[in-house]
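Below are the chains, spelled out letter by letter.
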Amino acid sequence: MTIDIGGLRTFIASSEGADPPIFAGRQAELYELTTAARNTWMLAGAGGGGSLSKRTHIIHGAPGAGKSTLLRELGRRLHAVPPAAGQPRLLYTNSADFEMDTSKFLARMAAMARLDADTWRQRLQRIASRMGGTLNLGLISASLDRDGSAQVPPRTIGNLHDNLPPDRWQAPVVLAIDEFQTIGSDDQAPVAKLLLSLHEANYGLPVMLVLAGLGDTVDRAMELGLSRLAQGTGWTLGCFDEAESDDLIAGWGRHFGLPDGDWRNTMRGIAEDCDHWPVHVQNALMALADEVVAADGKLEDVQSSVVRARSRKRQLAYYRQRMSPEIEGSAYLVGAMMRDLEPARGVIGVDRLIRQHCIDESGWRLPDGMTVNDFTRHLIHRGALHKHLDTGTVECPIPSFRAWLIEQGEPPHENDPEPDSRPSPF
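Residue positions are given per chain, counting from 1 as you read along its sequence in written order. Two thresholds apply to this predicted model, a pLDDT of at least 70 for residue-level local features and 80 or more for giving and counting side-chain atom pairs, whereas whole-chain, interface and lining totals are computed over all residues. No hydrogens and no water enter the side-chain calculation; it runs on all heavy atoms of the structure.

What about the overall build of the chain?
This is how it is decided: In this text, helices come from DSSP runs of H or I with a minimum length of four residues, and strands from runs of E with a minimum of two, each type numbered from the N-terminal end. To sort residues, take the accessible area from a 1.4 Å probe on protein chains only and compare it with the maximum for the residue type: under 20% means buried, over 50% means exposed, and anything in between is partly exposed. By definition, residues are in contact when any of their heavy atoms lie within 4.5 Å. The accessible surface values rely on the Shrake-Rupley method and a 1.4 Å probe; as for residues, cover is taken only from the protein chains in view.
The helix and strand inventory of the chain stands at 20 helices and 7 strands. In the chain, which comprises 426 residues, the proportion classed as buried is 51%. Contacts in the chain between residues far apart in sequence, at least 24 positions, make up 76% of those at least 6 positions apart. Accessible surface, the chain: about 20,100 Å² in total, of which carbon and sulfur atoms supply 49%.

Rendered as structure tokens:
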């Protein structure tokens, strides 16, 4: 087995948020989402609008939990087989692009819903090639009827229904919107009304909404009117378990041609130390890749202590990225709240602790312009806290992050250096 040094270099150069070279874990979520997508087709045929209502799915978790990776893996698996009647297809976007031009995604949805649109796309591409140019085939193919006649691309969900009523759909579409917590429209804006219509299945179209984002994604959906979710339609992505981390480590090694050896035990130990948080395991593998490339593939020259140090540096960088000026300015308050946090008490428990520890001194005050509830929501938005859908409990999603916040929030003692000479913890 030859180690793929070139592949490792590409892996090292990949940006944060890029898909890992292999997918591991989250099998239960993938199964549930795939089953729900197939049920969308069945329910649309069985009874139309009412049976499809309020089946919006929400996937939420702190940054680095693997939400985007899960959605893209779902798309790969749904599209791994040739299109066939009833086979779900996934349309992936983020909240910014979706808000910018909803009509574009309605047109794409129509194209995906019609398998014969692929044939027209191929014909148009051949024509464009003969003319020495290219065409925007996404919108054009969506605007062709079965007989090839042109239709106006849909600008509203009503237009989509009129041009392509449910009985003419050939496949259900999963509309997956990532980073949903950032969507900015109020409940009266066109984008909110479109989402609400899909959520309520007002037109009976075989569309399944999947919203992914941070811990406040559910609150954002509720603010836009997407309420009363069906049971079993929400998932909190948290830490991997030991077996999932090991699958990722082993699969990564096979992918890049690393033979079994002590490196796997080192990686398992690092994964355990960082609570099996997915992005930490990924960053640990990136740290190992750095050293393997530096050693030109000679694993015997790779020092586990150096890999651990590189991994820890990446882990701390992740924690600092979760900070905001508001959290930094209230570091002592946050540390005290984290130290006393009781997850079972939920949001009310967090509010109580903030009120209990808040005093009018530097580091202990609420951020300017924020109420206690505002600050709690801000901590959830930044990934420092997470509210579980099924239980209502609120906790720091990564135990090592909680410990770091407590450590950074320790106020100075009498014998400590003066503030001006003490380095900032941030």
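A word on the sheet that holds strand β4 (residues 207-213)
For clarity, the threshold we go by: The pairing criterion for strands is at least two bridges between them, as found by DSSP. Only the stretch in contact is used when a helix axis is fitted, and all axes are lines through C-alpha atoms; the angle between N-to-C directions ranges over 0 to 180 degrees.
Taken together, the 5 strands give an open sheet; going across it, the order is β2-β3-β4-β1-β5, and neighbouring strands pair in parallel fashion. Of all strands in the sheet, those bounded by a partner on one side alone are β2 (89-94) and β5 (234-236). With strand direction ignored, the average angle separating the axes of adjacent strands in the sheet is 15 degrees. Sheet topology places β2 next to strand β3 (residues 173-178); 6 bridges connect them, and they run parallel. Opposite arginine 89, over in β3, you have valine 173 as the bridge partner. Sheet strands in contact with helix α4 (residues 67-78) are β1 (57-60), β2, β3 and β4, and its direction is about 150 degrees off that of β2. Of the strands in this sheet, β2, β3 and β4 are in contact with helix α6 (residues 102-113), which crosses β2 at around 165 degrees.

Description of the pairing of β4
For β4, a buried count of 7 out of 7 residues is recorded, marking the element as mostly surrounded by other parts of the structure. The two faces of β4 match: Val207, Leu209, Leu211 and Gly213 on one face and Met208, Val210 and Ala212 on the other face are all buried. Across 4 bridges, the pairing between β1 and β4 is parallel. If you follow isoleucine 58 over to β4, its bridge partner there is leucine 211. As judged from the 5 bridges shared by β3 and β4, these two strands associate in the parallel manner. Within the sheet, the bridge partner assigned to leucine 175 lies in β4 and is leucine 209.

Here we look at the packing of aromatic side chains
Stated formally: Any Phe, Tyr or Trp ring, taking Trp's six-membered ring, that has another such ring centre within 6.5 Å forms a pair; planes under 30 degrees apart are called stacked, those over 60 apart edge-to-face, and the others tilted.
Tallied over the full model, the rule gives 10 aromatic pairs. Considering the side-chain rings of tyrosine 318 and tyrosine 319, the 5.7 Å spacing of their centres and the 65 degrees angle between planes classify their relative orientation as edge-to-face. Both residues of the pair, tyrosine 318 and tyrosine 319, count as buried. A connected cluster of aromatic rings, assembled from ring pairs, spans Phe11, Trp252, Phe256 and Trp263.

Some details on unusual backbone geometry
Not every positive phi belongs to a glycine, and alanine 201 is a case in point at roughly 55 degrees. Tracing the chain through its elements places alanine 201 in the loop between α10 (190-200) and β4. Judged by its relative accessible area of 8%, alanine 201 falls in the buried class. Of note, arginine 228 is a non-glycine position whose phi angle comes to about 55 degrees, a positive value. Considering the arrangement of structural elements, one finds arginine 228 in the loop between α11 (217-223) and β5.

Details of helix α18 (residues 346-357)
Spacing of three or four residues puts side chains on the same side of an α-helix, whose turn is 3.6 residues. Defined as follows: In this scheme, a helix's expected span is set at 1.5 Å multiplied by one less than its residue total.
Between its terminal C-alpha atoms α18 stretches 17 Å, which fits the 16 Å expected from 12 residues at 1.5 Å a residue. Looking at α18, one finds that the buried residues are Gly346, Gly349, Val350, Asp351, Leu353, Ile354 and His357. For α18, the secondary structure elements touched by its buried residues are α17 (331-340), α19 (372-381) and β7 (394-395).

Concerning a negative patch on the surface
Just so we agree on the cut-off: Patch membership requires over 30% relative accessible area and the absence of a salt bridge. Like charges are linked within 9 Å, and nonpolar side chains (Val, Leu, Ile, Met, Phe, Trp, Tyr) within 5 Å. We define a salt bridge as a side-chain nitrogen of Lys or Arg found within 4 Å of a carboxyl oxygen belonging to Asp or Glu. When charges are counted, Lys and Arg are positive and Asp and Glu negative, with His and the chain ends excluded. One atom stands in for each charge, and that atom is NZ of Lys, CZ of Arg, CG of Asp or CD of Glu.
The grouping of Asp241, Glu242, Asp247 and Glu272 at the surface amounts to a negative patch. Tracing the chain through its elements places glutamate 272 in helix α13 (residues 262-273). Assessed through its relative accessible area of 47%, glutamate 272 is described here as partly exposed.

Examining the confidence of the model for the chain
The line we're drawing: Confidence of the predictor at the level of single residues is captured by pLDDT, which takes values from 0 to 100.
Averaged over every residue, the pLDDT of the chain is 86; residues scoring 70 or more account for 85%. Mean pLDDT values for the elements of the chain range from 41 in helix α8 (residues 137-142) up to 97 in α17.

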